[in-house]
Structure formats: C-alpha cells, structure tokens
Amino acid sequence: MGQFTLRFRPYTLEMRHVFTVASFSRTTTPVILTELEYDGIVGYGEASMPPYLGESQESVSKFLNQINLSHFQSPFETAEILAYVDQVAEKNTAAKAAVDIALHDLLGKIMNQPFYKIWGLNPDLIPPTSYTIGIDTEEMIRKKVAEADQFKILKVKLGLDTDKTIIDTIRSVTDVPLCADVNQGWKNKEEALEMAHWLHERNVVFLEQPMPKEMIDENAWLTEHSPIPTIADEGCQRLADVPKLQGVYTGINIKLMKCTGMREAKQMAELARSLDMKVMLGCMTETSCAISAAAQLAPLVDWADLDGALLIGNDIYDGMRVEEGNCILPDRPGIGILKK
Ligand code: MG
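Residues numbered from 1 in each chain as written. Predicted model: local features only at pLDDT ≥ 70, side-chain atom pairs only at ≥ 80, totals over all residues. Heavy atoms only, no water.

Student: Can you tell me about the sheet that holds strand β9 (residues 251–254), naming the residues and giving the values?
Tutor: The eight strands lie next to each other as β4-β5-β6-β7-β8-β9-β10-β11, forming an open sheet whose pairing is parallel. Only two strands of the sheet have a single partner each, and these edge strands are β4 (130–133) and β11 (303–304). Two elements, strand β5 (residues 153–157) and strand β6 (residues 178–181), share four bridges in a ladder whose sense is parallel. Note that in β6 the partner of Lys155 across the bridge is Cys179. Here helix α6 (residues 163–171) sits on the sheet and contacts β5, β6 and β7 (204–208); the angle it forms with β5, its principal contact strand, is near 155 degrees. Where helix α10 (residues 262–274) meets the sheet, it contacts β9 and β10 (278–281), and its direction lies at approximately 170 degrees from that of β9. (Pairing = 2+ DSSP bridges. Helix = DSSP H or I, 4+ residues; strand = E, 2+ residues; numbered from the N terminus. Contact = heavy atoms within 4.5 Å. Axes fitted to C-alpha atoms, helices over the stretch in contact; angles between N-to-C directions.)

Next comes the structure, spelled out in structure tokens:
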C-alpha cells in the first residue's frame with residue numbers, strides 16, 4: 001500500500017507589466033508550489049495568492065502543514081480526501097486548491113490520461129481565451145493591445161473615471177470583441193446601465209462584476225435591464241453561492257483559487273448550466289500549473305480567461321499553450337505539465 005507525501009515551497013511570480021485594476025497595482029504575485037507523491041508518482045499543484053484575497057505564503061504553508069493524509073489508502077478516495085482537506089480550516093481556498101490540483105494531476109498520471117479525457121470533455125469546445133489589458137496610460141494601452149494581436153477577445157479592466165477613454169483608446173487600434181471587468185468599481189445602477197449600453201455599442205460582449213458584490217438588488221436590476229450579460233466574480237466563490245446568484249447575474253466566473261480546485265469548479269460549472277446561467281472560467285496570476293488544471297474543464301464553459309501564465313516572465317512549467325488566441329491542451333497525463 002502506498003503512502004502520500006505532500007511537499008511545498010514558496011515562489012514569486014514576476015509580472016511582465018505593472019498590473020493595475022480598480023483597487024490596486026502590483027508587480028509580483030506570491031504562490032506556493034505543491035507536489036503530492038504516491039507510489040513514486042508525483043502530481044503538481046499550486047496556490048496563487050493575490051494580496052487582496054487574504055491568503056499569503058505564510059497562511060498557505062500553515063494550512064498545508066496541518067494536512068495529514070496518512071489515514072487514506074489511495075488517491076482514488078478523492079471525494080473523501082478533498083472533503084477532509086476542506087474541513088481542516090475555513091476559507092484557505094487557494095491552499096485547498098493546491099492540494100486538489102496536485103491530487104488530480106496524480107490521479108491522471110496513475111490512469112495515464114489527461115484529466116479532460118477522464119472527464120470525457122472535447123478540447124475542441126474550449127472557447128478562445130481572453131487576454132487582459134490592465135488600467136494604464138493611453139500610450140501603454142496601445143502598446144499592450146498591439147502586442148495582443150493574436151487574441152480573439154480582450155479583457156479590459158474598468159472601474160475608474162477613465163473608462164470611456166480606455167475603451168476609445170483600444171477602439172482606435174482594434175475592433176476585436178472586448179469583455180469588461182469592472183472589479184466592483186461602479187457604485188450607481190443607473191450609471192452602470194448607461195455604461196452597459198455605451199459599451200454594448202462598442203462591441204463589449206459582457207460585464208464582469210459591475211458593482212460591489214453586496215449590492216445584490218442593484219446588480220439584479222442591472223442584469224434585468226443590461227443589453228449584455230453580467231458575470232459574478234468577487235460575488236461568487238464556491239458551489240453554495242451559485243444558486244443564490246441566479247437572477248442576480250447572468251453567469252458566474254469560476255476560478256480554482258476561489259473554489260478550492262478542479263473538483264468543485266466542475267460541480268459549479270455543471271450546476272450553473274443546469275440553472276441556465278452562463279459560465280466563465282477565470283484565473284489569478286498563476287504558472288502553467290494552475291492554468292493547465294483549469295483548462296481541463298474549459299470545454300464546459302462559455303468564456304475562458306486563462307491568460308494568467310502569459311502575464312508572468314518566470315513560469316517554471318510547460319502546459320496549456322495559447323496559439324492564435326486558442327487554448328491548446330497538451331495530450332499528457334493529469335494536468336499535462338512538465339517542468340521547464
Ligand atoms: Mg474579475
């Protein structure tokens with residue numbers, strides 16, 4: 001009978017550009033890289049901790065140090081293992097994802113199949129990924145948009161008083177469809193609706209988290225009247241949130257780091273679908289480890305926003321590639337990554 005060994009180490013992702021959204025700017029992102037070994041086979045995982053979400057290398061290390069898998073016999077006790085990990089402490093969703101991803105990678109390697117195949121998902125159904133243009137000067141925005149010419153959809157960060165200038169600047173150089181992530185930056189529903197119409201006229205195809213997540217009635221009112229779909233990001237963390245958001249937003253943005261990993265992410269996508277809601281699959285700034293893990297379930301979603309590894313300069317894995325804006329999954333077992 002095998003034994004589990006969980007190893008982890010901190011790593012700092014260097015951003016290619018200073019990354020600015022409505023509430024903050026940063027140039028690095030702390031992560032923890034995990035390895036889960038069983039019977040000589042090693043699965044890789046990752047926790048990414050953008051500072052505004054409350055987890056850190058310290059909190060993730062503390063959480064992972066409490067994990068004791070010695071009472072499990074096999075990685076195929078997946079549901080039980082992940083239920084145990086989830087109850088070790090509240091929250092800590094990125095830390096939990098670091099275990100979940102490594103476990104899925106390990107399982108896929110034991111079965112010698114990529115996880116999307118184990119799930120029976122068709123990789124041809126993965127939507128093209130968007131690529132994020134952060135808030136910046138007009139000159140830098142034009143430069144970033146020019147650099148992003150392979151992408152079929154761009155994601156624009158809005159929510160400051162420069163929203164219209166940013167869109168006009170992008171529209172002066174490209175007609176590619178856009179999606180707008182307001183990161184809770186708008187505070188007034190009538191102004192938000194006016195912006196939704198203005199953006200719709202400029203081929204913005206959906207709005208992510210237009211107003212603060214606490215403004216439930218206002219977000220529902222906007223969703224009812226908006227000419228384009230609204231998507232909950234900050235307002236949607238885990239599976240239990242999904243039914244409460246029906247009618248408040250058109251859809252949800254699922255991220256492994258918010259929802260504890262691949263297993264719950266797939267459950268969320270399927271539940272949202274059954275409730276007739278749209279599904280977006282997003283990411284944090286992450287290496288190709290967490291990105292390739294998320295990509296395994298990307299055939300299930302309407303929109304993919306899996307550019308996290310493209311925004312960093314020191315990725316240590318090869319995994320999901322982006323070609324002509326399309327997500328290409330490696331035909332390798334588990335989440336399909338190799339150390340560079
Ligand atoms: Mg967002």
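Student: So what about the nonpolar core? Which residues, and what values?
Tutor: Residues Ile101, Leu199 and Leu306 are the most contacted members of the largest nonpolar core, which totals 112 residues. With ten residues, the single largest contributor to this core is helix α3 (residues 93–111). Residue-level mapping places this core at the junction of two domains, with at least three residues from each of domain 1 (4–114) and domain 2 (117–339). In contact with Leu199, not counting residues within four places along its chain, are Leu158, Ile167, Ala180, Trp186, Val204 and Leu207. Of all hydrophobic cores here, the second largest spans six residues; its members include Ile153, Cys179, Ile231 and Trp303. (Core = buried A, V, L, I, M, F, W, Y, C linked by side-chain atoms within 4.5 Å. Buried < 20%, exposed > 50% of the residue type's maximum accessible area, 1.4 Å probe, protein only. Domains from an automatic or database assignment.)

Student: Run through the domain arrangement of the chain, naming residues and quoting values.
Tutor: Under the domain assignment used here, the chain contains domain 1 (4–114) and domain 2 (117–339). One C-alpha centre belongs to domain 1, the other to domain 2, and the line joining them spans 22 Å. Between domain 1 and domain 2, the residue contacts involve 43 residues of the former and 48 residues of the latter. Across the domain 1/domain 2 interface, buried area totals approximately 3700 Å², and carbon plus sulfur atoms make up 63% of it. As a salt-bridge pair, Asp86 and Arg238 come within 2.9 Å of each other at their nearest N and O atoms. The interface formed by domain 1 and domain 2 contains 20 residue pairs in polar contact (both at pLDDT 80 or more). (Buried area = accessible area lost by both parts, 1.4 Å probe. Salt bridge = Lys/Arg side-chain N within 4 Å of Asp/Glu carboxyl O. Polar contact = N/O pair within 3.5 Å; in protein donor to acceptor, adjacent residues only side chain to side chain.)

Student: Give me the lowdown on the packing of aromatic side chains, citing residues and values where you can.
Tutor: For the structure on display, the rule yields six aromatic pairs. When the centroid spacing of 5.7 Å and the interplanar angle of 55 degrees are considered together, the rings of Phe72 and Tyr84 count as tilted. Here Phe72, found in the loop between α1 (57–65) and α2 (78–87), pairs with Tyr84, found in helix α2; they are twelve residues apart in sequence, far enough to count as distant. A cation over an aromatic ring shows up here: Lys189 above the ring of Trp221, its NZ or CZ 4.7 Å from the ring centre. (Phe/Tyr/Trp six-rings, centres within 6.5 Å; stacked < 30°, edge-to-face > 60°. Lys NZ or Arg CZ within 6 Å of the ring centre and 35° of its normal.)

Student: Residues and numbers for the pairing of β10, please.
Tutor: Look at any regular strand and the pattern is simple: side chains alternate between the two faces of the sheet. Where β9 meets β10, four bridges bridge the pair, whose relative direction is parallel. In the sheet register, Asn253 faces β10, and the bridge partner there is Met280. Note: β10 against β11, two bridges, orientation parallel. Counted as the bridge partner of Leu281 is Ala304 from β11.

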